[in-house]
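# Chain and residue survey
The lines below spell out each chain.
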Amino acid sequence: MPLFQWHAFRSGSQAYRAKGLVHMKTRAADMWNYQTLTVWMQKEDMLKFRNNGAHLQAMKLSNRMGKGYTVGWESRQIPNREDGEKRLEDKLQKDDLAVWLSA
C-alpha cells in the first residue's frame, strides 16, 4: 500500500503538470482499490503522460502493487464516473477475464 500511494502521488503530480490534461479525479473505491478518471485534450497527450516520468516508473512496478484495469474513449464531453465504471465492466465481461486477472 505505501508503495502504491507514493507512486500514485508522484503520477498525479506529473499529470497535473502534463500538457493536455483537462480533468483528473481520483477516489478510493475501498481500502484496496482506487479509481482515477482523467480527460485529455488529445490521445497523444495522454500517451506522452502514460509513457514517461513517474507514471512510467509506476507501471514498471505495477506487478508489485496489485492489478490495474483501464478503459478509454474519445468524447467531446467529460464522462462521469458511472459511465467509466460501466465501460470497464462491459470490457471485462467481453474480454477473457482470466487474461485481465493474470495481468
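Rules and cut-offs
- Residues numbered from 1 in each chain as written.
- Predicted model: local features only at pLDDT ≥ 70, side-chain atom pairs only at ≥ 80, totals over all residues.
- Heavy atoms only, no water.
- Helix = DSSP H or I, 4+ residues; strand = E, 2+ residues; numbered from the N terminus.
- Rg over C-alpha atoms; globule rule 2.2 N^0.38 Å.
- Buried < 20%, exposed > 50% of the residue type's maximum accessible area, 1.4 Å probe, protein only.
- Contact = heavy atoms within 4.5 Å.
- Lys, Arg positive; Asp, Glu negative; His and termini not counted.
- Charge placed at Lys NZ, Arg CZ, Asp CG, Glu CD.
- Pairing = 2+ DSSP bridges.
- Patch = residues over 30% accessible without salt bridge, like charges linked within 9 Å, V, L, I, M, F, W, Y side chains within 5 Å.
- Areas by Shrake-Rupley, 256 points an atom, 1.4 Å probe, with all protein chains shown as cover.
- Salt bridge = Lys/Arg side-chain N within 4 Å of Asp/Glu carboxyl O.

### With respect to the overall build of the chain
Scanning the chain from N- to C-terminus turns up five helices and two strands. Mapped in sequence order, the helices and strands of the chain form the string α-β-β-α-α-α-α. Whereas a compact globule of 103 residues would reach a radius of gyration of roughly 13 Å, the chain reaches 14 Å, a difference of no more than 12%. Along the three orthogonal principal directions, the C-alpha set of the chain runs to about 35 × 35 × 25 Å. Evaluated residue by residue, the chain yields a buried proportion of 19% over its 103 residues. Taking the contacts inside the chain whose residues are at least 6 apart along the sequence as the reference set, 47% of them involve residues at least 24 apart. Treating the 17 positive side-chain charges of the chain as one cloud and the 11 negative ones as another, the clouds have centres 9 Å apart.

### Points about the side chain of Asp 45
Note that Asp 45 resides in helix H2 (residues 43-50). You can call Asp 45 buried: its relative accessible area is 9%.

### As for the pairing of strand E2 (residues 33-40)
As defined by bridge partners, strand E1 (residues 21-30) adjoins E2 across eight bridges and the pair is classed as antiparallel. Each bridged residue has a counterpart across the sheet, and for Met 24 the counterpart in E2 is Thr 38. As consecutive antiparallel partners, E1 and E2 are separated by two residues.

### What about a nonpolar patch on the surface?
On the surface, Val 22, Met 41 and Ile 78 cluster together into a nonpolar patch covering about 300 Å² of accessible area. Looking at the element boundaries, Val 22 is found in strand E1. Judged by relative accessible area, which is 42%, Val 22 ranks as partly exposed.

The quantities given are spatial measurements derived from coordinates; they are silent on function.
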